[in-house]
Amino acid sequence: MADQYAQSGEDGRSTEIPAIRWDEPPEGPVLVLLDQTRLPAEEVELVCTDASALVDAIRSLAVRGAPLLGIAGAYGVALAAARGFDVDEAALALAGARPTAVNLSVGVRRAQAAHRDAVAKGGDPEQAAGAALAAARRLHREDAEASARMAAHGLALLDELLPGGGHRILTHCNTGALVSGGEGTAFAVALAAHRDGRLRRLWVDETRPLLQGARLTAYEAARNGMAYTLLTDNAAGSLFAAGEVDAVLIGADRIAADGSVANKVGSYPLAVLARYHHVPFIVVAPVTTIDPDTPDGASIEVEQRPGFEVTEITSPQVTVSGVGGGIPVAPLGTQAYNPAFDVTPPELVTAIVTEEGAVSPVTAGALAELCDRSRQVTI
């Protein structure tokens, strides 16, 4: 169970805290998460001592973002094994915690397969748990490496599409170090442009209803000294009309075999706006986010979240007696439509950038070729 919070920095100043880490205190192994529901008001760590606590953390969005969910899922399997719980039962619960994010199930399966393989070879419980942990750590390391390669490929693509630098990039939700073993996906590209002196402005969608852009992307942009401006989601059209956007960069939670992209709700309207205004719409995601078993966008299961996330505003510093513990902004009993994601068809996507390179135009054949190339490199 999640039974401990640790405040970072006694003097309240910002310190570098990894989004996820494995720790082994005397009382037994734990998985430590930076609780993203508490940002940006405070940086606190949530300590999970079993897989069920991690499932709760995933569902509550204390830990989130497709690549990081994969890492968390793998560590969750390792935690169950190390603590002596039923590994297959834990894996099933973890994989189903958020249905749209394919990386979560990928990470769970990798650690579970390592555990099963160790058992099949005659390993004792400790050795099998060690194999699962090694698989999780390997995935964590691979994601950090993938993040750096995506940043390089994404920046090269920006320079190709928008020669001369001075990029004004619009992003949605959060795609930085808080979702990754490294510096992120789409945000990592913008950060690379910033470090190279080629980022003029990062436009940050607030990302209703849970404000991951306002709370998390702005937090990361500020920590990195980037020139950024926050806007409400419904101001994006005005920004495009004013000619203030050179490119849109987003992440992805699942990419179907045909190139359809499921990402945080609000991404699809940006793709439509980008197409109308002749602005590149670029998706940045690791190859593990591409799901060849999902044929098209219609086949992607879109997570439906509780209505109170829309009818209330939640602040980590304020607790009010709303249904979800937030501040009511709609009459009691109001029904809300709250899909966590929407799906952008491939014809609206200029390019998909992965650690193996960029795909443009986005077609089923090009994605399949990229995935095959990735598997050959891995082998």
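Note: the structure precedes this text.
Keep in mind that what you see is a predicted model, and the values were worked out from it rather than measured.

Each value, and the rule that gives it
- Once a new chain begins, its residue numbering starts again from 1 and follows that chain's sequence as written.
- Side-chain atom pairs in this predicted model are given and counted only at pLDDT of 80 or more, local residue features only at pLDDT of at least 70, and totals for whole chains, interfaces and linings cover all residues.
- The side-chain figures draw on all heavy atoms in the structure; neither hydrogens nor water molecules are used.
- The salt bridge criterion pairs a side-chain nitrogen of Lys or Arg with a carboxyl oxygen of Asp or Glu, the two atoms within 4 Å.
- Runs of E in the DSSP output that reach at least two residues are strands. Runs of H or I that reach at least four are helices, and both are numbered from the N terminus.
- Partly exposed residues are those whose accessible area sits between 20% and 50% of the maximum for their type, while under 20% is buried and over 50% is exposed, using a 1.4 Å probe and protein chains only.
- At least two bridges found by DSSP between two strands is the condition for calling them paired.
- The handedness rule is simple: strands pointing away from the viewer, and a clockwise path from the first strand over the helix to the second, make the crossover right-handed.
- Lines fitted to the C-alpha atoms define the axes, with helices restricted to the stretch that makes contact. Angles between their N-to-C directions range from 0 to 180 degrees.
- Residues are treated as being in contact if the distance between any of their heavy atoms lies within 4.5 Å.

### A short note on the pattern of salt bridges
Per the counting criterion, the structure on display carries 17 salt bridges. The salt bridge involving Arg98 is made with Glu303; its shortest N-O contact spans 2.9 Å. Remark: Glu303 occurs in the loop between strand E12 (290-291) and helix H10 (308-311) and Arg98 occurs in the loop between helix H3 (87-95) and helix H4 (102-120); sequence separation between them is 205 residues. You'll find Arg98 and Glu303 in the same group, each marked buried. Across the pair Glu309 and Arg305 runs a salt bridge, and its minimum N-O distance is 2.8 Å.

### Re the pairing of strand E5 (residues 167-171)
The buried fraction of E5 is high, at 5 of 5 residues. Of the strand pairs in this sheet, E5 and strand E6 (residues 199-205) are connected by 5 bridges, and their pairing is parallel. Looking at E6, one finds that Arg168 is bridged to Arg201. With helix H6 (residues 186-195) bridging E5 and the parallel E6, this β-α-β connection has right-handed handedness. Bridging between E5 and strand E8 (residues 247-250) involves 3 bridges; their strand directions are parallel. The residue of E8 that forms the bridge with Ile169 is Ala247.

### Points about the sheet that holds E6
Taken in spatial order, the 7 strands of this open sheet run E7-E6-E5-E8-E11-E16-E17, and their pairing is mixed. The two strands at the open ends of the sheet, each matched to only one other strand, are strand E7 (228-231) and strand E17 (357-359). Strand-to-strand twist in this sheet, taken as the mean axis angle between neighbours without regard to direction, amounts to 25 degrees. Across the face of the sheet, helix H7 (residues 212-223) comes into contact with E5, E6 and E7 while running at roughly 160 degrees to E6.

### Focus: the side chain of His167
Mapping His167 onto the fold places it in strand E5. With relative accessibility at 1%, the residue His167 sits in the buried group.

These figures come from the coordinates and say nothing about function on their own.
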